[in-house]
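# Chain and residue survey
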Amino acid sequence: MTNKQMTSSETEQTDDQQPNPTPGTDSLADRGTDIGVETSSRDDPATVTDRTIIESRDLDVYYGDDQALNGISMEIPEQQVTALIGPSGCGKSTFLRSINRMNDLIDIARVDGELFFREKNVYDDDVDPVALRRRIGMVFQSPNPFPKSIYDNVAYGLRVQGQDDNLDEKVHTALERAALLDEVEDQLDSSGLDLSGGQQQRLCIARAIAPDPEVILMDEPASALDPVATSKIEDLIEDLAEEYTVIIVTHNMQQAARISDKTAVFLTGGNLVEFDDTTKIFENPESDRVEDYITGKFG
Ligand SMILES: Nc1ncnc2c1ncn2[C@@H]1O[C@H](COP(=O)(O)OP(=O)(O)OP(=O)(O)O)[C@@H](O)[C@H]1O
Ligand SMILES: [Mg+2]
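Here the structure is a predicted model, which means the values were calculated and not measured. (Residues numbered from 1 in each chain as written. Chains lettered and ligands numbered in written order. Predicted model: local features only at pLDDT ≥ 70, side-chain atom pairs only at ≥ 80, totals over all residues.)

### What about the site of ligand 1?
Around ligand 1 sit Tyr63, Ala68, Gly86, Ser88, Gly89, Cys90, Gly91, Lys92, Ser93, Thr94, Ile106 and Ile108, and those are all the residues in its vicinity. Tallying contributions element by element places helix H3 (residues 92-99) first for the shell around ligand 1, with 3 residues. Its residues assigned to classes, the shell around ligand 1 comprises 5 nonpolar, 6 polar and 1 charged. (Near = placed C-beta within 6 Å. Helix = DSSP H or I, 4+ residues; strand = E, 2+ residues; numbered from the N terminus. Nonpolar A, V, L, I, M, F, W, Y, C, P; charged D, E, K, R; others polar.)

### Quick look at the sheet that holds strand E4 (residues 109-117)
An order of E2-E1-E4-E5 is seen for the 4 strands of this open sheet, with the pairing classed as antiparallel. The open sheet has two edge strands with one neighbour each: strand E2 (66-77) and strand E5 (120-121). Pairing of strand E1 (residues 52-63) with E2 involves 8 bridges; the strand directions are antiparallel. Note that in E2 the partner of tyrosine 62 across the bridge is glutamine 67. (Pairing = 2+ DSSP bridges.)

### Notes on the sheet that holds strand E8 (residues 245-249)
Strand order in the open sheet formed by 6 strands is E6-E7-E8-E3-E9-E10, with mixed pairing between adjacent strands. Bordering the open sheet on either side are strand E6 (136-139) and strand E10 (271-277), each of which pairs with just one other strand. Ignoring strand direction, the axes of neighbouring strands in this sheet form an average angle of 15°. Helix-sheet contacts for H3 involve strand E3 (81-85), E6, strand E7 (215-219), E8 and strand E9 (262-267), and the interaxial angle to E8 is about 150°. Relative to the sheet, helix H8 (residues 197-209) contacts E6 and E7, its axis offset from that of E6 by approximately 170°. (Axes fitted to C-alpha atoms, helices over the stretch in contact; angles between N-to-C directions. Contact = placed C-beta atoms within 7 Å.)

Below you can see the structure in the form of structure tokens.
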């Protein structure tokens, strides 16, 4: 099956499903960056468009015989924050991972249907999943810096892609965009693991954005953090959406309501029940089941 192409280093990272954002150092050197997808049109970062950047059409995902996603069709707009909410086990992480083909790393996962990134089906045979993940970066629930210096964590993806000209400047810019530079400017050589949890998560965000992806997928990025660190991450996500498309899974309804433009509600059975402007979902949802979920009657 074509979506099972992977490098040996990706295979090694399947245990905790938290691989490097730019896995496969050796293979990266050999692979081109062209995945047959038109590049970004971010001429004016402040412009909010209603252009679709990710579209799923009738997407099903199975783990062995069990179906985790059932006919998901949705169009995710560019340069906005889209929240995915719903009870545990409804398929939010599965959907997120299907966008940059992280489900390829799960042996028993199988994808049917189509998932377009800028009108190119990412499951086409000619799409290189490693190159795809350079354009669609990911941040996970628990911060996972590499056991390297702060500088080397951020520089990692740039180096393996051969984007190491003006490295200092790029590392500083990524740390600044991730709202971490002020706190770590004097200790770039210290280990990333010596930072606090909230700082580590911002370091992981800096690492994810350093290679300048177009989409950032975040799977409950603040759920392991205290309220102050959470609020910093939320501010950061809103800032990032001026330049990037952010798709975030969260169990925190207030967080979804605060930071997202669009909200998708998944419910049991791997069904997308409602997808609309966040204000509509939270103030006047069409579905009674969504209303019950949002008001805490179940889930
Ligand atoms: N690696 C896997 N192998 C087998 N089944 C899996 C795997 N990952 C997820 N599933 C199953 O797929 C379904 C959807 O899981 P998923 O992790 O996408 O849900 P979720 O909405 O992200 O849940 P949570 O809110 O708890 O993170 C569940 O039934 C889960 O058990
Ligand atoms: Mg999940």
